[in-house]
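What follows is each chain in one-letter form.
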Amino acid sequence: MSILIKPIITEKATNDSELFNRYTFVVDKRANKIEIKDAVETAYGVSIESVKTLNYPVQRNTKYTKKGLVTGAKSGYKKAIVQLAEGESIDFYNNL
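Right, let's walk through the structure included here. (Residues numbered from 1 in each chain as written. Predicted model: local features only at pLDDT ≥ 70, side-chain atom pairs only at ≥ 80, totals over all residues. Heavy atoms only, no water.)

Quick notes on the nonpolar core
Okay, so step 1: Counting residues in each nonpolar core, the largest one holds 16 residues, and the members touching the most others are F25, I36, V40, L84 and I90.
Okay, so step 2: Contributions of two or more residues to this core are made by β2 (22–27), α2 (33–44), β3 (48–56) and β6 (77–84).
Okay, so step 3: Setting aside chain neighbours within four positions, we find I90 in contact with Y23, F25, V40, Y44, V46 and L84. (Core = buried A, V, L, I, M, F, W, Y, C linked by side-chain atoms within 4.5 Å. Buried < 20%, exposed > 50% of the residue type's maximum accessible area, 1.4 Å probe, protein only. Helix = DSSP H or I, 4+ residues; strand = E, 2+ residues; numbered from the N terminus. Contact = heavy atoms within 4.5 Å.)

Here it is in structure tokens:
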């Protein structure tokens, strides 16, 4: 089971990492905070103070078009915000 799916690199997440040393990841829905902490520590070689998780539900939408009723869905996911110890950092761009 791969716990870390991908890092979230948005304007808000980048600002959070620069100012508060917090990094954001999309993680497996079944992973708990302890598993997320171990996965980040082994993948990036950093020490972690805390982990916060957020579960986003499936978003369903319906449109009325010329061809009739069109339905769609955006899949749900789990997001983890990881607070690193003082003086630690993660560089996502080092192997480009």
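Considerations on unusual backbone geometry
Okay, so step 1: One non-glycine residue, N21, lies in the positive phi region at around 60°.
Okay, so step 2: Along the chain, N21 turns up in the loop between α1 (11–20) and β2.

Quick word on the packing of aromatic side chains
Okay, so step 1: Counting across every chain of the model gives five aromatic pairs.
Okay, so step 2: Where F25 meets Y44, the ring centres are 5.8 Å apart and the plane angle is 35°; that geometry is what we call tilted. Placement of the pair is F25 in strand β2 and Y44 in helix α2, with a sequence separation of 19 residues.
Okay, so step 3: The exposure class of F25 is buried, given its relative accessible area of 1%. (Phe/Tyr/Trp six-rings, centres within 6.5 Å; stacked < 30°, edge-to-face > 60°.)

So, α2
Okay, so step 1: End to end, α2 covers 16 Å across twelve residues, agreeing with the expected 16 Å (1.5 Å per residue, within 8%).
Okay, so step 2: Considered for burial, the residues of α2 that qualify are I36, A39 and V40. Around the axis of α2, the buried residues are gathered within 95° of arc, so they sit on the same side. Looking at α2, the residues exposed on the side facing more than 90 degrees away from the buried face are I34 and T42.
Okay, so step 3: For α2, the secondary structure elements touched by its buried residues are β1 (4–7), β2, β3 and β6.
Okay, so step 4: Where α2 begins, the capping side chain belongs to N32, and its oxygen is found 3.3 Å from the backbone nitrogen of I34.
Okay, so step 5: Taken from the residues just after α2, G45 is the one with a positive phi, measuring 65°. (Expected span 1.5 Å × (residues − 1). Arc of directions from axis to C-beta. Polar contact = N/O pair within 3.5 Å; in protein donor to acceptor, adjacent residues only side chain to side chain.)

Observations regarding the pairing of strand β4 (residues 59–65)
Okay, so step 1: Alignment of β4 against strand β5 (residues 68–74), held across seven bridges, turns out to be antiparallel. The partner of N61 across the bridge, within β5, is G72.
Okay, so step 2: Turn length for the β4-β5 hairpin, with the two strands adjacent in sequence and antiparallel, is two residues. (Pairing = 2+ DSSP bridges.)

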